[in-house]
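The lines below spell out each chain.
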Amino acid sequence: QVQLVESGGGLVQPGGSLRLSCAASGSILSINTMGWYRQAPGKQRELVALITSGGNINYADSVKGRFSISRDNAKNTVYLQMNSLKPEDTALYYCNALITRHYDYSTRGYWGQGTQVTVSS
């Protein structure tokens, strides 16, 4: 059993900051890519940021210069620091990780349950 648990969402005013965390737990042999996606009401889920096990990073154009992704491999945790938040950043934010399980060596993507980020005055 593998589980991803997100935390850190909430309500913030435009221009404010939030830090999201996502911790993976369970029968984990290794974690390759970890990332954050978001889904606003009535819209498709979209990529926000990805980070590989080697530290390569990709950002959506809409968040470049404002968001920063990082990971702590010892804690199986990925973070998303969000600065200069805008109302259009309002969405349900999901963590995703490509995980190889310890007991059967199978590899697939896992999703967290999502954490709500609301940017409003």
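Remember, predicted model here, so these are calculated numbers, not experimental data.

**Looking at the overall build of the protein chain**
So, point 1. Along the backbone of the protein chain there are zero helices and eleven strands.
So, point 2. When the helices and strands of the protein chain are read in sequence order from the N terminus, they spell out β-β-β-β-β-β-β-β-β-β-β.
So, point 3. Its C-alpha atoms give the protein chain a radius of gyration of 14 Å, within 12% of the compact-globule value 14 Å for 121 residues.
So, point 4. Dimensions of the protein chain, computed from the C-alpha atoms along their principal axes, are close to 50 × 25 × 25 Å.
So, point 5. Look at the contacts in the protein chain between residues 6 or more apart in sequence, and 56% of them connect residues 24 or more apart.
So, point 6. Surface accessibility of the protein chain: about 6400 Å² in total, with carbon and sulfur atoms responsible for 46%.
So, point 7. Across the protein chain, the 11 positively charged side chains and the 7 negatively charged ones have centroids separated by 1 Å.

**Details of the sheet that holds strand S7 (residues 67-72)**
So, point 1. Taken in spatial order, the four strands line up as S1-S3-S8-S7 in an open sheet, and their pairing is antiparallel. Among the strands making up the open sheet, the edge pair consists of strand S1 (2-7) and S7. For this sheet the average axis-to-axis angle between neighbouring strands, irrespective of direction, equals 15°.

**Observations regarding the pairing of S1**
So, point 1. Here S1 shows one buried face, formed by Val2, Leu4 and Glu6, and one open face, formed by Gln3, Val5 and Ser7.
So, point 2. Relative to strand S3 (residues 18-26), S1 runs antiparallel, the two being bridged by six bridges. Across the sheet, residue Val2 finds its bridge partner in S3, namely Gly26.

**A short note on the pairing of strand S8 (residues 77-82)**
So, point 1. The buried fraction of S8 is high, at five of six residues.
So, point 2. Where S7 lies against S8, six bridges are found, and the strand directions are antiparallel. In the strand pairing of S8, Phe67 is matched with Met82.
So, point 3. Taking the residues that link successive antiparallel strands as the turn, the S7-S8 hairpin has four residues, and the phi of Asn76 there is positive, at about 50°.

**Considering the nonpolar core**
Nonpolar side chains tend to gather and get buried jointly when the protein is soluble and globular.
So, point 1. In terms of nonpolar packing, the biggest core is built from 30 residues, with Trp36, Leu80, Met82, Tyr93 and Ile99 touching the most fellow members.
So, point 2. Elements represented by at least two residues in this core include exactly S1, S3, strand S4 (28-39), strand S5 (46-51), S7, S8, strand S9 (91-101) and strand S11 (115-119).
So, point 3. In terms of residues, this core owes the most to one element, S9, which gives five residues.
So, point 4. Filtering out sequence-adjacent residues up to four positions away, Met82 remains in contact with Gly16, Ser17, Leu18, Leu20, Arg66, Phe67, Tyr93 and Val117.

**Looking at the state of the cysteines**
So, point 1. Taken as a whole, this structure holds one disulfide when the rule is applied.
So, point 2. Across the disulfide, Cys22 is cross-linked to Cys95 (sulfur-sulfur distance 2.1 Å). Residues Cys22 and Cys95 are joined through a disulfide that is left-handed, its torsion about the S-S bond being -80°. Of the two residues, Cys22 sits in strand S3 while Cys95 sits in strand S9, which places them 73 residues apart along the sequence.
So, point 3. Among the residues examined, Cys22 registers a relative accessible area of 0% and is labelled buried.
So, point 4. Cys95 sits in the buried class, given a relative accessible area of 0%.

Procedures and definitions
Residues numbered from 1 in each chain as written. Predicted model: local features only at pLDDT ≥ 70, side-chain atom pairs only at ≥ 80, totals over all residues. Heavy atoms only, no water. Helix = DSSP H or I, 4+ residues; strand = E, 2+ residues; numbered from the N terminus. Rg over C-alpha atoms; globule rule 2.2 N^0.38 Å. Contact = heavy atoms within 4.5 Å. Areas by Shrake-Rupley, 256 points an atom, 1.4 Å probe, with all protein chains shown as cover. Lys, Arg positive; Asp, Glu negative; His and termini not counted. Charge placed at Lys NZ, Arg CZ, Asp CG, Glu CD. Pairing = 2+ DSSP bridges. Axes fitted to C-alpha atoms, helices over the stretch in contact; angles between N-to-C directions. Buried < 20%, exposed > 50% of the residue type's maximum accessible area, 1.4 Å probe, protein only. Core = buried A, V, L, I, M, F, W, Y, C linked by side-chain atoms within 4.5 Å. Disulfide = S-S within 2.5 Å.

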